[in-house]
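If you want the building blocks of each chain, they are given just below.
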Amino acid sequence: MTESDINKLIRQNIARETVSTEDGINAGSALAEKAIGTSWAFAGGIAMHIYGYVRATTDVDIIADHDLDAGSERQLTFGGSSYKVDLEGRSIVVDWIVRSDENAKFYSEALKDAIVTEDGIRVVSPEWLVILKHLAGRPKDKLDQIWLLQESGLVDRETVKGNIRRVLGEYASFLINDIQSDFDYADVLTLRGERNKYD
């Protein structure tokens, strides 16, 4: 990479605004006020923030069971729409995800099991996040998934397997085997980290 390329990359990264947990929750909640009679929950980076893993995110993901009757910026290829929510002088992108593809049933079931916090925040459960992150398959999703699995007591792995069985029935073993390899990888990293404490 040339010095010019590096400077261009730096300028782009400085210009890219990340979304804080508070702003993400406020923007998502403001959009959700238009969702009368619709089930919805935070997923994606903001859900990860809620569970304690703070990583940069540039938008807000909400899964829902119905589309919004509001003017969207664009349609999402896998189902749903993207919106811009104005919040204290800045515009935050909120993806309102209503899956219409082969993963729709996973999202529908995840929504049924969403957690509502004492503050009224609706969020996908850690067990379903592990599954949805696995299905997304991007490197950042894999990092999120491994973090969830390494957090002591956060994810009930038998519930993860049960959720997969609920969606796939007799065909669940293929995905359960894939997820088991993620469990094993998270365990190896945890053991390695524990060992390094004493080196």
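To keep things clear, this report deals only with the structure shown in the data block. (Residues numbered from 1 in each chain as written. Predicted model: local features only at pLDDT ≥ 70, side-chain atom pairs only at ≥ 80, totals over all residues. Heavy atoms only, no water.)

**A short note on a nonpolar patch on the surface**
At step 1: Among the surface-exposed residues, M1, I6, L9, I10 and I14 lie close enough to one another that they form a single nonpolar patch of about 530 Å² accessible area.
At step 2: Looking at where L9 falls in the secondary structure, it is placed in helix α1 (residues 3-15). (Patch = residues over 30% accessible without salt bridge, like charges linked within 9 Å, V, L, I, M, F, W, Y side chains within 5 Å. Areas by Shrake-Rupley, 256 points an atom, 1.4 Å probe, with all protein chains shown as cover. Salt bridge = Lys/Arg side-chain N within 4 Å of Asp/Glu carboxyl O. Helix = DSSP H or I, 4+ residues; strand = E, 2+ residues; numbered from the N terminus.)

**With respect to the pattern of salt bridges**
Close approach of charged atoms allows side chains with opposite charge to pair.
At step 1: Within the structure shown, the criterion is met by 12 salt bridges.
At step 2: The partner of D101 in a salt bridge is R99, and the shortest N-O contact between them spans 2.5 Å.
At step 3: With a relative accessible area of 22%, D101 lands in the partly exposed category.
At step 4: The buried category is assigned to R99, whose relative accessible area is 18%.
At step 5: Of the charged contacts, one joins D187 and R157 as a salt bridge, the two residues approaching to 2.9 Å between their closest N and O atoms. (Buried < 20%, exposed > 50% of the residue type's maximum accessible area, 1.4 Å probe, protein only.)

**Points about the packing of aromatic side chains**
At step 1: Using the criterion set out here, one finds two aromatic pairs in the structure.
At step 2: Plain terms: the ring middles of W40 and F42 are 5.6 Å apart, the flat faces sit at 80° to each other, and that makes the pair edge-to-face. Both residues of the pair, W40 and F42, count as buried.
At step 3: The interplanar angle of 15° and the centroid separation of 5.1 Å between the aromatic rings of Y53 and W147 together place this pair among those described as stacked. Taken together, the positions of Y53 in the loop between α3 (44-50) and β2 (59-64) and W147 in helix α6 (residues 139-150) put the pair 94 residues apart, joining distant regions of the chain. (Phe/Tyr/Trp six-rings, centres within 6.5 Å; stacked < 30°, edge-to-face > 60°.)

**Section: the layout of surface pockets**
At step 1: Of the volumes computed, that of the largest pocket is approximately 530 Å³.
At step 2: Along the wall of the largest pocket there are 26 residues; nearest its centre are D61, F78, I97, R138 and D141.
At step 3: Contributions of two or more residues to the lining of the largest pocket are made by α3, β2, β5 (90-97), α5 (126-136) and α6.
At step 4: The element contributing the most residues to the lining of the largest pocket is α5, with five residues. (1 Å grid on protein atoms, 1.4 Å probe; cavity = no way out; pocket = protein on both sides within 12 Å on 5 of 7 lines; lining within 4 Å. Points joined across faces, edges and corners; volume = space filled by probe spheres on them.)

**Focus on the pairing of β5**
At step 1: Within β5, six of the eight residues are buried, which leaves it mostly tucked inside the rest of the structure.
At step 2: Relative to β5, β2 runs parallel, the two sharing five bridges. Opposite V60, over in β5, you have V94 as the bridge partner.
At step 3: Examined bridge by bridge, strand β4 (residues 80-87) and β5 share eight bridges and lie antiparallel to one another. Bridge assignment links V85 to a residue of β5, and that residue is I92. (Pairing = 2+ DSSP bridges.)

**So, the environment of S125**
At step 1: Looking at where S125 falls in the secondary structure, it is placed in the loop between β7 (122-123) and α5.
At step 2: Judged by its relative accessible area of 7%, S125 is buried.
At step 3: Sequence separation between S125 and A110 is 15 residues; the distance between their C-alpha atoms is 7.4 Å.
At step 4: Apart from residues no more than four positions distant in its own chain, S125 is found in contact with Y51, D113 and I115.
At step 5: Here the side chain of S125 touches W128 through a polar contact of 3.2 Å, landing on its backbone nitrogen. (Contact = heavy atoms within 4.5 Å. Polar contact = N/O pair within 3.5 Å; in protein donor to acceptor, adjacent residues only side chain to side chain.)

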